[in-house]
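# Tertiary structure, described
Each chain is listed here by its residues.
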Amino acid sequence: LTWEVKANSRHYHKHKQRKSFLCFTWGRYSDNVVRSHKYSLLTFLPLTLFEQFQRAANIYFLLMVVLQCVPAISSIPWYITIIPLLVVLSVRGFKDLAGDLARRRCDSEINSRPCDVLFSQFMTAQWKDLCVGDVLRIRRDQIMPADLLLLSSSEPHSLCYVETADIDETNLKYRQALGATHNELTSHPSEEALGAFNVVLCEEPNNRLYTFRGQLQWQGECFLLENEHILLRGTVLRNTDFAYGLTIYTIVLSVLLAAVLLAIGAGVSSYQAMTKTSFLSALVIDGKPAYNGFLVYWSYIILLSPAMPIALYIRFELIHTIHSKFIGWDLEMYWQQTDKPAEARNTSLSEELGQVGYLLSDKTGTLTQNRLLLRQCCIAGEVYPMDLSWNPFSSGGLRMFSPTLVETLRGQRCPVTTQFLSALALCHTVMAEWKEQAASPDEETLVGAARELGWVFLSRTRDFVVVSELGATRQYQLLALLDFTSKRRRMSVLRDPQGGLKLYCKGADVVILERLQKNCPHKESNEIALELFAEACLRTLCVAVRSVPEALWEQWSRTLALSAAMATCERDTLLEKLYDEMERDLLLLGVTAIEDRLQEGVPETIALLQEAGIRVWVLTGDKKTAVNIGYSCKLLHPESRLLEWQELREILQSADPQVSFFKAKQTELWATHKEMARAKTSVVLTGPELQAEFEERPEWGASFMSLAEQCQSVLCCRVTPAQKAEIVELVRKHTASITMSIGDGANDVNMIKAHIGVGLAGREGGQAVHNADFAVSQFRFLQRLLLVHGRWSYRRISLFLCYFLFKTCGFALVHIWFGILNGFSAQDVSAESSLKLPELYKSGQKKELSSPRKLITYLLYAVYMSLVLFFIPCGVFYNTDYDYQTMAVTVSMAATFAVTIETKYWTKFNIAALCVSVVMFFICSRITHSTRLFQSSPADYFFLVSEKAFIDPMVWLTALLTAWAAVLPSVTSHAFSVILSVHNKHKIHNSSPPPVELRSRFARGSSLRRSSYAISQGAGPGRLINSTTSIQRAEVLKEEKVST
Amino acid sequence: MVKEEQEESPNRPDNTAFTQQRLPAWQPILSASIVIPMFVLIGAAFIGVGVALFIASRDIQLQELDYTGDDSAHPCYKCRSSTEKCTCSMTFSIPNLFKGPVFFYYGLTNYFQNQRKYGASKDDNQLYGDLDYFKDPSSSCDPYTRDSRNIPIVPCGALANSMFNDTFSLSHVVNGTQKIVPLNGKGIAWWTDYNVKFRNPSVTPLINAFNGTKKPTNWPKPIYELDTTDVYNNGFINQDFLVWMRRAALPDFRKLYRRITHDDYVNGLPAGNYTLTIEYNYPVYSFNGRKKVVLSNVSWMGGKNDFLGIAYIVVGSMCVVMSIVMLIVYAKFKFAEDD
């Protein structure tokens, strides 16, 4: 505990303020200014150049420029290479600059947000002026400007609610101030009191969001601080008028983290770009050693390469840009409701979309809509559908319930139904008034549903719950609340008369069903309903009631009071036992079925992606409830075997993980379907387990990945944002595949940055989108993004690469043939032609989607073509008075024609592009051969040949013959393929791409019943609410005082 | 009923065939009934062109005279190793009328005028008449930039230095007397070379421009004395110089020397005996080259060139053969399917 914070003493912290100059920083306490920008006026140029020259391609071009400047070996003017390079560099630079400016604007907007700071009284200050030790007043719906220690709040017990959407999954969390500070500040609410806290000692800033250790030294005593006293930066205060907080960490944590991540992200992407481009340039360079046997002079390298790779580079950029435009233009990925088209924010990754091997997805807001709906319920053995699926826009207000149910209710005919709704309205831990806010979205949904049906939960005080039942307001006394835990998987409340003591209980079916009284009515029908609901992948809860005899209650409550006063560890088991005694002989009222609404088309998309060989992992901050979603979105197959951590651990520990894995798969029922085992195994993990193990044993990573590769899917629960990124890294480290992450919230940002990231432009804030490479509005658009655009991009680019290689080799070989005839003296016959050959026919080629042939075929063809391109003109011009410049023009003309004929797919644009390219060839030739240019620089434009050559019939005849001879094999093979396909009537020559078929291929088959227990995220806030039973009666306060 | 939204959002992507990548693609080759005739047609066209070329080429008359003189019986044998000025004559006969206009070429073999360093060894600025480069020629001319006394050479470089300097005269033996055939040296260079690329400095007299420079080491006389009779054929725009400076594409080449367009020879060279007198200066012995004189007339397609015609015929025949093979394959599949 080395981090010391003194309340309200700026001068104390001031001299330790973090300062920085260039890259040196000193001091401990930073200010609260967000600085996510990279460049300043001074550092922009060196930094951006440094970054850009990390790309191998740029270095290579620079080398070329340098070589060009050596007059002895240069064959073309130096600026031919340097101009494209400068253009490339400056375009990138401006792009970076624009991004940085946007970040600056964003930062300054954040930095100037207002907040109330206590000086001698509360004054409004900006976020950036905050300092460690400041006491703040946070109002309702304000965002925490820093990490705060909650001192007190306007609510009873200094409770307050924070929404953690930005750093965690969306839900409300409870925070409670220390009893000591609460008592002090509520009894003497004054500014002096707020400023009077002495010292907070706590651990150094770290990125563990869920744990916190510290102590408050105040009035000579020492209080332990825990995570629940801390309000994290970025969270939003909800349902609480105001809260006072002491600043303990300023931005240092978040920004350091962000900066590190940013650096990693940038490093990763630049590395990735580097490997990609170096792969490309390697293709071009690789040919060199082979040539080097022939080539004597360096100038060949210049001659063969400068126009080519940079042209390649520029064309790649061009293709990428157009592909990203295509993504944005795609109507199928346009989302009407939010009016957002898809967006490719990073243009250079489009072909990697076609190679994705792993898809790591967030759950909440990505797979699901983050909206729960009560879809069905079964009351007294009768199933009432509340199917709202016909209306995708349905939310809170507009519900359509089964009319029979409403009728039954209004007539008060069925006591079970009434009881059922009472149970829903009473048995929960939902807190506030009217606008309910609950820690558990499930509860919120149930209470909401009850409200819609007339059982309105109005308010809650310490001992009473006020409910309006069909207009009649009733007050129930709350005697006890048996809270939810993940072990118990149920919760109950006891309520006082009107009509005797009642215990309402709701919980997972397995738990409730075994506690029912004998001969419980409707049990059969409810079980059938449960089956039905489970098949439909709904989260089910059983609701039950028990009438408790007065005598039993008396005795039970006495024992409870006794045991609550006992020592901690025993107390828990005792309470457990007591609760168990009470929750017996239940009468089953009914079953609810909640749907965690998936986004449209999610199961189909996941199934389709899995069919496409993409492994889908779901990483979620939720608890194991996510498994349910896993089933409903077809991530987990109903029959698949879930491999949990314990088992996995044993497998990993064993000598040969693979063997054990197979053994594990073949246990029990799997012995029968050995061949299916592979596809039907899924791993379910939780973040803490994963982290704990992999920190200890990093060598497990590889074997874990090799196991995971054999599993259908992996589901990771309770992972923090940082762990999400770690998992992505783990996958990237141990597989060669390209990973793609998709998420919608700020908590997914780390993950999204790790490799290809897709941001869902959903309801949560825009951070995910800002950091993503691609932004789409719906999860299902992924299938188009990956399977259509990704595949096209990949194929086009690989085809383009083949084609380019073919062309490059063709030209290089022409040089070599010429080299044979001029004594290997590096003739510049087609340096001229490669300069002139228009960039455009490549863009015309982009529509080409024929099946990519083997590289070797292309190379052989290139050899043939180069032979033809050279030796036919050579034969024609041998022993004549034609000069070499005419021959150069002839060869380049022939090459242009050949490439034009070579095109196999013809569209309007394609033909236009080809025509333009041929016309451009002539125009460019005339321009570069113009006398004007020669007069301005005789040494550079000495090629005054086209005027004469273009009217020479021999040149034309030679060029035409050469071109036709060059493409003859390709045209012939194409013609043969046409002829051979004639008999195959099914083959339709329709090159418009076949639409991606979206079929749902899964039958709703037999499924094992899965119980769910998604009542609360944590161990439940019942303890806090239920102050009558635990806080008052038991005299043990949660805050243990530690005397100093 | 939900009303269709009339206003399209500006964010909504355009629904065009291009943006949605639904452009209908059209393949030029659609079926066998198009492919096979197309191949036949193209083949026929190529064969036609080839035959035309071949006939045109065959009609061209060509007279080649090798005067390298490596055979001791050859009249020029004596000049082969002579360092003095040496003249030799060859006689030849033309059986039929050699239709005019007749072009007089000199030819060299195994001469790598396309060698890169050799070809680059010139200074385009200097040849453009830029006096700055007279004083300081480009280093691309090395080692023919300056002489041993460091005086700049104009025109510099290996290309100019190695200019062909044999001269020829042709006489017609008429009734035992030699009648000189007039050779026309005008207009043998390219228009662009004569008018654009090469230019004399605008100094009169021309000789003044060359003060402080030296002639190329191999040259017997400086460039401003190439043709003292005609100002427009002197200096850098001398036609022979221009022809030499336009480098040949391949190691075996010929270059235009003169045209025969005057007097009695406008319609060509009549049948009879002729004497070719050669002033033998240019050494080719060292690189195993050969020298020759070529007399030729031209057709619409230029000089004699059998290769192009044959190549056209070959490629055309290949197309036809291919179409036949295709037809066979097509028929085979057709029958196979009918079965």
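So, how was this worked out
- Per chain, the residues get numbers from 1 upward, laid out in the order the sequence is written.
- Chain letters and ligand numbers both follow the written order, the letters beginning at A and the numbers at 1.
- The predicted nature of this model means local features are confined to residues of pLDDT at least 70 and side-chain atom pairs, given and counted, to a pLDDT of 80 or more, with totals for whole chains, interfaces and linings taken over all residues.
- Heavy atoms throughout the structure, all of them, feed into the side-chain values; hydrogens and water do not.
- For this analysis, a ring pair means two rings from Phe, Tyr or Trp (six-membered ring only for Trp) whose centres lie within 6.5 Å, classed as stacked if their planes differ by under 30 degrees, edge-to-face if by over 60, and tilted for the remaining angles.
- For a lysine, the NZ atom is tested; for an arginine, the CZ atom; a charge sits over a ring if that atom is within 6 Å of the ring centre and within 35 degrees of the ring normal.
- Secondary structure counts use DSSP, requiring at least four H or I residues in a row for a helix and at least two E residues in a row for a strand, with both numbered from the N terminus.
- Working rule for contacts: check all heavy atoms of both residues, and any pair within 4.5 Å makes them a contact.
- Pairing between strands requires that DSSP locate at least two bridges from one strand to the other.
- To define axes, lines are fitted to C-alpha atoms, for helices over the stretch in contact only, and angles between the resulting N-to-C directions are given on a 0 to 180 degree scale.
- Categorising residues by exposure relies on relative accessible area from a 1.4 Å probe, with only protein chains included: less than 20% of the type maximum marks a residue as buried, more than 50% marks it as exposed, and the intermediate range marks it as partly exposed.
- In this description, the term disulfide denotes a pair of cysteine sulfurs within 2.5 Å.
- Residues enter patches when they are more than 30% accessible in relative terms and free of salt bridges; like-charged ones are connected within 9 Å and nonpolar ones (Val, Leu, Ile, Met, Phe, Trp, Tyr) within 5 Å.
- A 1.4 Å probe and the Shrake-Rupley method give the accessible areas. Residues count as covered only by the protein chains that appear here.
- Take a side-chain nitrogen of Lys or Arg and a carboxyl oxygen of Asp or Glu: if they are within 4 Å of each other, that pair is a salt bridge.
- The predictor rates its confidence in each residue with pLDDT, a number between 0 and 100.

The next subject is the packing of aromatic side chains. Under the criterion given, the structure shown has 40 aromatic pairs over all chains. Above the face of the Trp190(B) ring, Arg246(B) is positioned so that its terminal group lies 3.9 Å from the ring centre.

What follows is about the environment of Leu360(A). By the element assignment, Leu360(A) lies in strand S17 (residues 356–362). Discounting residues that sit within four places of it in the chain, Leu360(A) has contacts with Trp617(A), Leu619(A), Ile727(A), Val728(A), Val731(A), Thr739(A), Met740(A), Ser741(A), Ile742(A) and Met751(A).

Here the focus is the sheet that holds strand S1 (residues 62–66) of chain B. Within a beta sheet, neighbouring strands are joined by backbone hydrogen bonds and run either parallel or antiparallel to one another. Residue and element names in this part refer to chain B. Spatially, the 4 strands line up as an open sheet ordered S1-S10-S4-S7, and their pairing is antiparallel. A single partner strand is all that each edge strand has here, and the edge strands are S1 and strand S7 (253–260). Each strand of the sheet is rotated relative to its neighbour by a mean of 20°, with strand direction disregarded. As defined by bridge partners, S1 adjoins strand S10 (residues 290–297) across 5 bridges and the pair is classed as antiparallel. Of the residues in S10, the one forming a bridge with aspartate 66 is lysine 292.

Counting buried positions along helix H22 (residues 700–708) of chain A yields 7 of 9 residues, so the element is predominantly enclosed. Among the residues of H22(A), those classed as buried are Trp700(A), Gly701(A), Ser703(A), Phe704(A), Met705(A), Leu707(A) and Ala708(A).

Residues and elements named next belong to chain B. Residue valine 154 is joined to proline 155 through a cis peptide bond whose omega torsion reads -10°. In this fold, proline 155 is placed in the loop between helix H4 (132–135) and helix H5 (158–161). A cis amide bond, omega -10°, links threonine 204 with the succeeding residue proline 205. The residue asparagine 150 is not glycine, and still its phi comes out positive at about 65°.

Attention now goes to the state of the cysteines. Residues and elements named next belong to chain B. Enumeration according to the criterion identifies 3 disulfides over all chains in this entry. One disulfide in the model links cysteine 76 with cysteine 88; its S-S distance is 2.0 Å. Here cysteine 76 and cysteine 88 share a disulfide; its torsion about the S-S bond, 80°, makes the bridge right-handed. Here the residue cysteine 76 occupies a position in the loop between S1 and strand S2 (86–94), and cysteine 88 occupies one in strand S2, the gap between them amounting to 12 residues. Exposure class is identical for cysteine 76 and cysteine 88. Each is buried. Through a disulfide, cysteine 141 is tied to cysteine 156; the S-S separation comes to 2.0 Å. With cysteine 141 in the loop between H4 and H5 and cysteine 156 in the loop between H4 and H5, this pair connects stretches of sequence that are 15 residues apart.

To continue, consider a nonpolar patch on the surface. Residues and elements named next belong to chain B. A surface patch of nonpolar side chains, amounting to about 320 Å² of accessible area, comprises Phe54, Ile310, Val314 and Met318. When residues in the nonpolar patch are grouped by element, the largest group, 3 residues, is from helix H8 (residues 306–338). Taking relative accessible area as the criterion, isoleucine 310 reaches 41% and is therefore assigned partly exposed.

Time to look at the confidence of the model for chain B. Caution applies to low-pLDDT regions: their predicted coordinates should not be interpreted in detail. Residue and element names in this part refer to chain B. Taken residue by residue, chain B gives an average pLDDT of 84. The fraction at 70 or more is 93%. Between residues 1–6, whose pLDDT stays under 50, and residues either more than four places distant or in other chains, the model counts 1 contact. Across the whole predicted complex the pTM is 0.58, and at the interface the ipTM reaches 0.86.

As a further point, take the sheet that holds strand S29 (residues 681–686) of chain A. Residue and element names in this part refer to chain A. Reading across the sheet, the 9 strands line up as S16-S33-S32-S31-S17-S27-S30-S29-S28 and stay open at both edges, with mixed pairing between neighbours. Both edges of this open sheet fall to strand S16 (343–344) and strand S28 (641–643), since each of them pairs with a single strand only. Of the strand pairs in this sheet, strand S27 (residues 615–619) and strand S30 (residues 713–717) are connected by 4 bridges, and their pairing is parallel. When the sheet's bridge partners are listed, tryptophan 617 is paired in S30 with valine 714. Strands S28 and S29 of the sheet are contacted by helix H19 (residues 645–653), whose axis makes an angle of about 70° with S28. Strand contacts of helix H23 (residues 721–734): S17, S27, S30 and strand S31 (738–743), with the helix running at about 170° to S17, the strand carrying the most contacts.

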